[in-house]
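A look at the structure
Next come the chains, spelled out residue by residue.
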Amino acid sequence: MEFKLLDLLFQPDNICLCCKQEETRDYICKSCAETLETIEDFKVIGDSTCYSPYLYSGHIKRMISEFKFREKRYYGKVFAKLLEDFYRKNGLDYDLLVPIPLHRKKLLKRGYNQCDILCDFLGERLNIPVNKEILIKIKETKDQHLLSSSKRRTNVNYAFKAIGKKGLLNKRILLVDDLITFGYTLEEGVRALKDVGYREIDCLVIGKARPESPLKKGR
Ligand SMILES: [Zn+2]
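Right, let's walk through the structure included here. Because the structure is predicted, anything quoted here is derived from the model rather than measured.

With that settled, the discussion passes to the coordination of the zinc ion. Protein coordination at the zinc ion: the donors are C16 (SG), C19 (SG), C29 (SG) and C32 (SG), at 2.3 to 2.4 Å from the metal. One chain supplies every donor to the zinc ion, and in sequence these donors are spaced C-x2-C-x9-C-x2-C. Exposure remark for C29: the relative accessible area of 4% places this residue in the buried category. The buried category is assigned to C32, whose relative accessible area is 7%.

Quick look at the structure:
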């Protein structure tokens, strides 16, 4: 029998969220942290850099998927810790965190937006405000990972609407998502924000997925 509800409610903060054995105060123990594959070639979208510290593989892949689809909201804590370390190590400096929003119907269905949770934990750690109002998802899109690469771009075309708030237009914005593959979703988010006058926008995600190449199938 699965104690799913218990698992949700009770997750000790001092046990590694990866191996669920080692004690740690950082949500992830040293030996598990060492297995995470880091990357340094960040995608550039127009004049926005998309920081993606980890390869979407191993523990990162499993945890992102459970964070999104299996209600493991507390994984937001380990991701926030990893992203805080990355942010500080690289001397990043932003005024505002903006999560990639879900369409309201999707939000009702899933019950939560994992990017909201991630931003809440990260904003708290970095002492940066989170704004969930200036970017809105207005188009119901299909899950990008279910689509071929050619259909992914049109799927998210004009999916977002932004609201230009006078006092915020000159803020340095960090647009936060869980994952990047081709970058179409973030590209659309950046475009919507720029269209209404925001000037400085970069992106931060947890993991970068290697686009699947048909040539590599079967390997
Ligand atoms: Zn561990």
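What follows is about the packing of helix α4 (residues 75-89) against helix α6 (residues 114-126). Packed helices, taken two at a time, are described by the angle their axes make and the gap between the axes. Relative orientation of the contacting elements α4 and α6 amounts to 45 degrees, with a least axis distance of 8 Å. In terms of their interaxial angle, α4 and α6 are classed as oblique. Between α4 and α6 lies a crossing whose hand is right-handed. When α4 is examined against α6, the residues G76, K77, F79, A80, K81, L83, E84, Y87 and R88 are found in contact with a partner set consisting of I117, L118, F121, L122, R125 and L126.

The 3 strands lie next to each other as β3-β10-β8, forming an open sheet whose pairing is parallel. Of all the strands in the sheet, the pair left with one neighbour each is β3 (54-55) and β8 (179-180). Relative to strand β10 (residues 207-208), β3 is paired through 2 bridges, and the arrangement is parallel. By the bridge assignment, L55 is partnered in β10 with K208.

Cut-offs applied
- Residues numbered from 1 in each chain as written.
- Predicted model: local features only at pLDDT ≥ 70, side-chain atom pairs only at ≥ 80, totals over all residues.
- Heavy atoms only, no water.
- Donors = N, O, S within 2.8 Å, 3.2 Å for Na, K, Ca; no water.
- Buried < 20%, exposed > 50% of the residue type's maximum accessible area, 1.4 Å probe, protein only.
- Axes fitted to C-alpha atoms, helices over the stretch in contact; angles between N-to-C directions.
- Helix = DSSP H or I, 4+ residues; strand = E, 2+ residues; numbered from the N terminus.
- Parallel < 35°, antiparallel > 145°, perpendicular 65-115°, else oblique.
- Left-handed = near helix turned anticlockwise from the far one by under 90°.
- Contact = heavy atoms within 4.5 Å.
- Pairing = 2+ DSSP bridges.

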